[in-house]
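# Fold and contact review
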2 protein chains.
Amino acid sequence: MRKSEAITRKGKKKLFLAKVFVRLKEGVLDPQGSTIKRALEDMGYDGIEDIRTGRVFEINFSSEDRNKSKVLIDEVCKKLLANPVIEKYKFEVKQR
Amino acid sequence: MRKSEAITRKGKKKLFLAKVFVRLKEGVLDPQGSTIKRALEDMGYDGIEDIRTGRVFEINFSSEDRNKSKVLIDEVCKKLLANPVIEKYKFEVKQR
C-alpha cells in the first residue's frame, strides 16, 4: 500500500534497501562488550579475547536514483543514526 | 599480550573473529525502528517505508579449529546474545 503510494506519488521513484552498520571507534570503551565477555567467562567459556558491539539498521525507502539515495543515507547516518564523535558507520544501498 | 597468552597457554589454538548479527523476527514490532522512522519524517525525509534495527557483535577468540569455533559461537548466540523467541541470528567466523 505504502509502496505503491510512494511510487505513484512522485511518478518515477525506485525502491531501495540500505543496511547501515554503526560501531564504536577503536579505542572507545565498549562496556556492553566487556559485560558480555565477563558473562561468558562466568559461564565457563575461555579464550575470549575481546567483544565489540554495534548496531544495524535496515531501511526500506524510495528515492529517485541510487546516487541520491546514497547521499540521503549518509546524511541520515550523520544526523541521527551514528554519533560521529565516538562511532563510525558504513552502509550499503541496493535496489529492491 | 593477551593474544600470545591465549596461544601459548593451550599450545595449538588458533585465533578467530566471529561477526554475529541479531535482528528481530519478521512480524515482531520494532519500536526503535518506528521511532527512528518518525524522527526522520519530522526532519523532512519522506519516502521511508520501514526501518528495522538489529545488533552486531564482533568476537575475537581462540579455538582449536574452525568447526569447534562455529559450534561455540552458535551456543553463545542461543544462550546469551539472542533471544530465540523474538530474534533470529546469523554469524560468520573467519580465522585471523
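Rules used throughout
- Residues numbered from 1 in each chain as written.
- Chains lettered and ligands numbered in written order.
- Predicted model: local features only at pLDDT ≥ 70, side-chain atom pairs only at ≥ 80, totals over all residues.
- Heavy atoms only, no water.
- Helix = DSSP H or I, 4+ residues; strand = E, 2+ residues; numbered from the N terminus.
- Contact = heavy atoms within 4.5 Å.
- Areas by Shrake-Rupley, 256 points an atom, 1.4 Å probe, with all protein chains shown as cover.
- 1 Å grid on protein atoms, 1.4 Å probe; cavity = no way out; pocket = protein on both sides within 12 Å on 5 of 7 lines; lining within 4 Å.
- Points joined across faces, edges and corners; volume = space filled by probe spheres on them.
- Nonpolar A, V, L, I, M, F, W, Y, C, P; charged D, E, K, R; others polar.
- Buried area = accessible area lost by both parts, 1.4 Å probe.
- Salt bridge = Lys/Arg side-chain N within 4 Å of Asp/Glu carboxyl O.
- Polar contact = N/O pair within 3.5 Å; in protein donor to acceptor, adjacent residues only side chain to side chain.
- Phe/Tyr/Trp six-rings, centres within 6.5 Å; stacked < 30°, edge-to-face > 60°.
- Buried < 20%, exposed > 50% of the residue type's maximum accessible area, 1.4 Å probe, protein only.
- Lys NZ or Arg CZ within 6 Å of the ring centre and 35° of its normal.
- Least-squares fit on C-alpha atoms with pLDDT ≥ 70 in both.
- Pairing = 2+ DSSP bridges.

On to the overall build of chain A, then. Per the secondary structure count, chain A includes three helices and three strands. Shown N-terminal to C-terminal, the secondary structure of chain A runs as helices and strands in the order α-β-α-β-α-β. When contacts within chain A are restricted to residue pairs at least 6 apart in sequence, long-range pairs at least 24 apart make up 72% of them. When the accessible surface of chain A is split by element, carbon and sulfur atoms take 53% of a total near 5600 Å².

Moving on, we come to empty space enclosed by the protein. A water-sized probe, rolled over the atoms, reveals where empty space remains. With the rule as written, the count across this model stands at one cavity of 30 Å³ or more. Taken as a whole, the largest cavity encloses approximately 50 Å³ of empty space. In terms of lining, the largest cavity is formed by A:Val56, A:Phe57, A:Glu58, B:Val22, B:Arg23, B:Arg52, B:Thr53 and B:Gly54. Of all elements in the fold, only strand 2 (48-63) of chain A together with strand 1 (14-24) and strand 2 (48-63) of chain B reach the threshold of two or more residues within the lining of the largest cavity. A breakdown of the residues in the lining of the largest cavity according to their chemical character gives three nonpolar, two polar and three charged.

Moving on, we come to the interface of chain B and chain A. The interface of chain B with chain A comprises 39 residues on the first partner and 38 residues on the second. For the chain B and chain A pair, buried surface summed over both sides reaches about 3400 Å², with 54% attributable to carbon and sulfur atoms. With its nearest N and O atoms 3.1 Å apart, the salt bridge here joins A:Arg96 to B:Glu49. Where chain B meets chain A, there are 18 residue pairs in polar contact (both at pLDDT 80 or more). Those elements that provide at least two residues to the side of chain B that touches chain A are helix 1 (2-10), strand 1, helix 2 (31-42), strand 2 and helix 3 (66-81) of chain B. Among the elements that take part in the side of chain B that touches chain A, strand 2 of chain B stands out by supplying 15 residues, more than any other. Of the residues that constitute the side of chain B that touches chain A, the class distribution is 17 nonpolar, six polar and 16 charged.

Counted according to the given criterion, the structure contains four aromatic pairs over all chains. For the pair B:Tyr89 and B:Phe91, a centre-to-centre distance of 6.5 Å together with 15 degrees between the ring planes defines the contact as stacked. With relative accessibility at 25%, the residue B:Phe91 sits in the partly exposed group. If you follow A:Lys90 out to its NZ or CZ, it ends over the ring of A:Phe21, 5.9 Å from the centre.

Turning to the pattern of salt bridges, a few remarks are in order. According to the stated counting rule, one finds 18 salt bridges over all chains in the structure shown. Between A:Lys68 and A:Glu64 there is a salt bridge whose closest N-O contact spans 2.8 Å. On the accessibility criterion, A:Lys68 (47% relative accessible area) is partly exposed. What you see here is one network of salt bridges that share partners, running through A:Lys19, A:Glu58 and B:Arg23.

Related by rotation about an axis and a shift along that axis, the two copies of the chain form a pair. Of the transformation superimposing chain B on chain A, the axial component is 0.0 Å and the angular component is 180 degrees, with the fit at an RMSD of 0.0 Å. Here the symmetry operator amounts to a two-fold rotation axis. Among all C-alpha atoms of chain B, that of B:Arg55 lies closest to the rotation axis, at 2.2 Å. Looking at the interface residues of chain B, 97% of them are also at the interface in chain A, so both copies use one shared face.

All names here are of chain A. Of all the 11 residues making up strand 1 (residues 14-24), 10 are buried; the element is thus mostly covered by neighbouring parts of the structure. Where strand 1 and strand 2 come together, 10 bridges link them in antiparallel fashion. For Leu15, the partnering residue across the bridge sits in strand 2 and is Ser62. Strand direction decides the pairing type here: strand 1 and strand 3 (residues 87-95), joined by nine bridges, are antiparallel. Pairing of Phe21 across the sheet is with Lys90, part of strand 3.

Shape descriptors only; they carry no functional weight alone.
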